[in-house]
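Take a look at the letters that make up each chain.
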Amino acid sequence: EKVVNACSGVAYTYRDVAPKPAALRELDGPAIGDRAPDIDFEDGGTLFDRLRHEYFTLLAMPDGGNVNPVIESLERRFGAVLAVERLPKSAALSSRYGAGDGRLFLVRPDGYVSFKSAAAETGLLEEHLGTLLRL
């Protein structure tokens, strides 16, 4: 498995070179620069099924509804190049992406994590998207 992952490139990480704002709070789960891990959803399908397109994808973790206004604002501003996936709460999601509500993971089209933050840090995410996508 290690050889296959290395040869296919899925074991690579860009942690050392991926930009991360100093003010960003450290969260568990995949690091900025890591390949986003796949999960199986209880109602069928996988996370990778939802990432099969040419856009950046914002993975919105459940938080009881507080993230929705933020996501709606990001969708209005970046919707032409950003897909949003509101993910259902599950044990698989928590085990792979960290326990805690209101997390946002921005995944590049190649499947690597470009940014991650708590919902309260969406200003940093919006700044990152503005710099990255330059609409």
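See the structure shown above.
Residues numbered from 1 in each chain as written. Predicted model: local features only at pLDDT ≥ 70, side-chain atom pairs only at ≥ 80, totals over all residues. Heavy atoms only, no water.

Draft legend 1. Region of interest: the sheet that holds strand β1 (residues 56–60). An order of β2-β1-β3-β4 is seen for the four strands of this open sheet, with the pairing classed as mixed. Both outer strands of the open sheet, β2 (82–86) and β4 (113–118), are each paired with one neighbouring strand and no more. When strand polarity is set aside, the average angle formed by the axes of neighbouring strands in this sheet is 15°. Two strands pair when backbone bridges link them, and β1 and strand β3 (residues 103–107) are joined in this way by four bridges, in the antiparallel orientation. Considered in β3, the bridge of A60 is made with L104. Contacts from helix α3 (residues 68–78) reach β1 and β2, with the element oriented near 160° to β2. (Pairing = 2+ DSSP bridges. Helix = DSSP H or I, 4+ residues; strand = E, 2+ residues; numbered from the N terminus. Axes fitted to C-alpha atoms, helices over the stretch in contact; angles between N-to-C directions. Contact = heavy atoms within 4.5 Å.)

Draft legend 2. Highlighting helix α5 (residues 122–133). Taking 1.5 Å per residue as the helical rise, α5 with its 12 residues ought to reach 16 Å, and the 16 Å between its terminal C-alpha atoms agrees with that figure. Buried within α5 we find T122, L125, H128, L129 and L133. For α5, the arc enclosing every buried residue in end-on projection is 115°, short of the 170-degree limit, so these residues lie on one face. At its buried positions, α5 is contacted by β1, α3, β2, β3 and β4. Among the residues trailing α5, R134 stands out with phi positive, at a value near 40°. (Expected span 1.5 Å × (residues − 1). Buried < 20%, exposed > 50% of the residue type's maximum accessible area, 1.4 Å probe, protein only. Arc of directions from axis to C-beta.)

Draft legend 3. Seen up close, the side chain of H128. Note that H128 resides in helix α5. A distance of 2.9 Å separates a polar atom in the side chain of H128 from a polar atom in the side chain of S114. If sequence neighbours within four positions are ignored, H128 has contacts with L106, S114 and F115. (Polar contact = N/O pair within 3.5 Å; in protein donor to acceptor, adjacent residues only side chain to side chain.)

Draft legend 4. Highlighting the pairing of β2. When you tally the buried positions in β2, you get four out of five residues, the bulk of the element. Judged from the five bridges that link them, β1 and β2 form a sheet pairing that is parallel. Of the residues in β2, the one forming a bridge with F56 is L82.

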